[in-house]
Amino acid sequence: MFPNTRMRRNRLTEGRRRLARQVAVTADNLILPIFLVEGAGRREPIESMPGVYRISVDLLDKEIEDLKIPAVLLFAVPETHKKNENAQAAFEPDGIIPSAVRRLKKIDPELVVITDVCLCAYTTDGHCGIINQKGQIDNDASIELLAEMAKIHAQAGADIVAPSAMMDGQVAAIRSLLDKNGLCDTAIMSYAAKFASSFYGPFRDAAKSSPAFGDRQSYQLSFANPTEAFRDALQDEAEGADWLMVKPGLPYIDILYQLRQKTLLPIAAYQVSGEYAMIKCAAKAGVINEKNAAIESVTAMKRAGADAIITYYTKELSEWLAR
Ligand code: PBG
């Protein structure tokens, strides 16, 4: 046998494995999603996502206490009676998200606050854009509303706005309105490659945002069309996106890897609710080691090219990965 055919670097000791390790996720790479409800003192478990809660804004202090990660991503879950056809509650300067942003910035000015910009939680029909008289998504009217929503988040102090509605031209519309209002420092993280996916199931339970009719295939990407994902992502880059995102994570790891070769922007990967729930359920059933599976999943995303990872495992991971 030739001397160099032995993989000596990995053998024998943990120290030698550490020295040769190429990819490691750290707490710095993680983004914690937070679901926010109105009112005070509310902390409601989400059935389909064990360990994840919907909380009211006043409980944010406790939520981010001892947080070892640099960023959070905020989702609003407005009450049903606050939803309407025009998604009006999305534009209240004192709504759930602007209030939460101001509170977080007060508690910890260094925390990077990212806000989800989408209409689905605010519309009665649960679609990501608004519906015209023909019963179709009105793309151009929707992007104006998304820009307005992003502006309100940015004025409240959001560092990054993250449009997830998958409307054409949403990044350009947001960038232009932000700049017009002197909000040049607010960055845009575009959910550029967001696929129409079954893995969002538990999120829709968490955010109470299932579409009342139809589905999201007319605006989210088809998992059968990778080229379209790259075209969309590069279009978002041209429109002024500062970050791109691939979502879901693990089922689209090939998209992530290829996108990494096509852009120089930072990329976030989103380990979505269904991916989280699958690990949780399998662990509960005793057929998988939860900690190892979670670490392996996010490491795969980083290996494929993700700079940051949005995951419901953020809190656990920041403990597990600390050494
Ligand atoms: C809003 C939005 C969704 C997710 C993030 N933003 C749901 C959807 O598009 O149906 C899903 C996140 C998850 O599943 O964890 N448009």
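Worth saying up front: this structure is predicted, and the values here are computed from it rather than measured.

Quick look at the environment of Asp159 now. With respect to the helices and strands, the residue Asp159 is situated in the loop between α4 (139–156) and β6 (160–163). Sequence separation between Asp159 and Val287 is 128 residues; the distance between their C-alpha atoms is 40 Å. Not counting chain neighbours up to four residues away, the residues in contact with Asp159 comprise Lys105, Leu111, Val112, Val113, Asp185, Thr186 and Ala187. There is a polar contact of 2.9 Å between the side chain of Asp159 and the side chain of Lys105. A distance of 2.8 Å separates the side chain of Asp159 from the backbone nitrogen of Val113, its partner in a polar contact.

This next bit is on the packing of aromatic side chains. Tallying each qualifying case throughout the model produces 10 aromatic pairs. Ring geometry for Tyr270 versus Tyr312: centroids 6.1 Å apart, planes at 45 degrees, classification tilted. On the criterion of sequence distance, the pair formed by Tyr270 in strand β9 (residues 267–271) and Tyr312 in the loop between β10 (308–311) and α11 (314–320) is long-range, its members being 42 residues apart. Pair check on accessibility: Tyr270 and Tyr312 agree, each one buried.

Moving on, we come to unusual backbone geometry. Most peptide bonds take the trans form, and the phi angle of most residues other than glycine is negative. In this structure, the amide linkage connecting Lys247 to the following residue, Pro248, adopts the cis form with an omega of -10 degrees. Turning to its location among the elements, Pro248 is positioned in the loop between β8 (243–247) and α8 (253–262). Despite not being glycine, Asp66 has its phi angle at roughly 60 degrees, a positive value. Within the chain, Ala87 stands out as a residue other than glycine whose phi angle is a positive 60 degrees. Inspection of the secondary structure assignment puts Ala87 in the loop between β4 (71–76) and α3 (96–107).

The end-to-end C-alpha distance of α4, which contains 18 residues, comes to 26 Å, matching closely the 26 Å that a straight helix rising 1.5 Å per residue would cover. Listing the buried residues of α4 in full gives Ser142, Ile143, Leu146, Ala147, Met149, Ala150, Lys151, Ile152, His153, Ala154 and Ala156. Of the surrounding secondary structure, the elements contacted by the buried residues of α4 are α3, β5 (112–117), β6 and α5 (170–180). Remark: Gly157 follows α4 within two positions and exhibits a positive phi of approximately 120 degrees.

Turning our eyes to something else, we now look at the nonpolar core. Counting 108 residues, the largest nonpolar core has Ile34, Phe35, Leu36, Leu73, Leu74, Tyr122 and Tyr270 as the members making the most contacts within it. In terms of residue count, α4 provides more of this core than any other element does, eight residues in total. Leaving out residues up to four positions away in the same chain, Leu74 has contacts with Ile34, Leu36, Ile97, Ala100, Val101, Leu104, Val113, Ile114, Thr115 and Asp116.

Neighbouring the ligand are 18 residues; Arg204, Arg216, Lys247, Ser273 and Tyr312 lie closest to it. The side chain of Ser164 places a nitrogen or oxygen atom 3.5 Å from a nitrogen atom of the ligand. One of the side-chain nitrogen or oxygen atoms of Ser273 is found 2.6 Å away from an oxygen atom of the ligand. The class makeup of the residues in the shell around the ligand is 10 nonpolar, three polar and five charged.

A few words on the side chain of His127. Tracing the sequence through the fold places His127 in the loop between β5 and α4. On the basis of relative accessibility, which here comes to 3%, the residue His127 falls in the buried class. Here His127 is in contact with Leu119, Cys120, Ile137, Pro211, Phe213, Asp215 and Tyr219, once residues within four sequence places are set aside.

Cut-offs and rules
Residues numbered from 1 in each chain as written. Predicted model: local features only at pLDDT ≥ 70, side-chain atom pairs only at ≥ 80, totals over all residues. Heavy atoms only, no water. Helix = DSSP H or I, 4+ residues; strand = E, 2+ residues; numbered from the N terminus. Contact = heavy atoms within 4.5 Å. Polar contact = N/O pair within 3.5 Å; in protein donor to acceptor, adjacent residues only side chain to side chain. Phe/Tyr/Trp six-rings, centres within 6.5 Å; stacked < 30°, edge-to-face > 60°. Buried < 20%, exposed > 50% of the residue type's maximum accessible area, 1.4 Å probe, protein only. Expected span 1.5 Å × (residues − 1). Core = buried A, V, L, I, M, F, W, Y, C linked by side-chain atoms within 4.5 Å. Near = heavy atom within 4 Å. Nonpolar A, V, L, I, M, F, W, Y, C, P; charged D, E, K, R; others polar.

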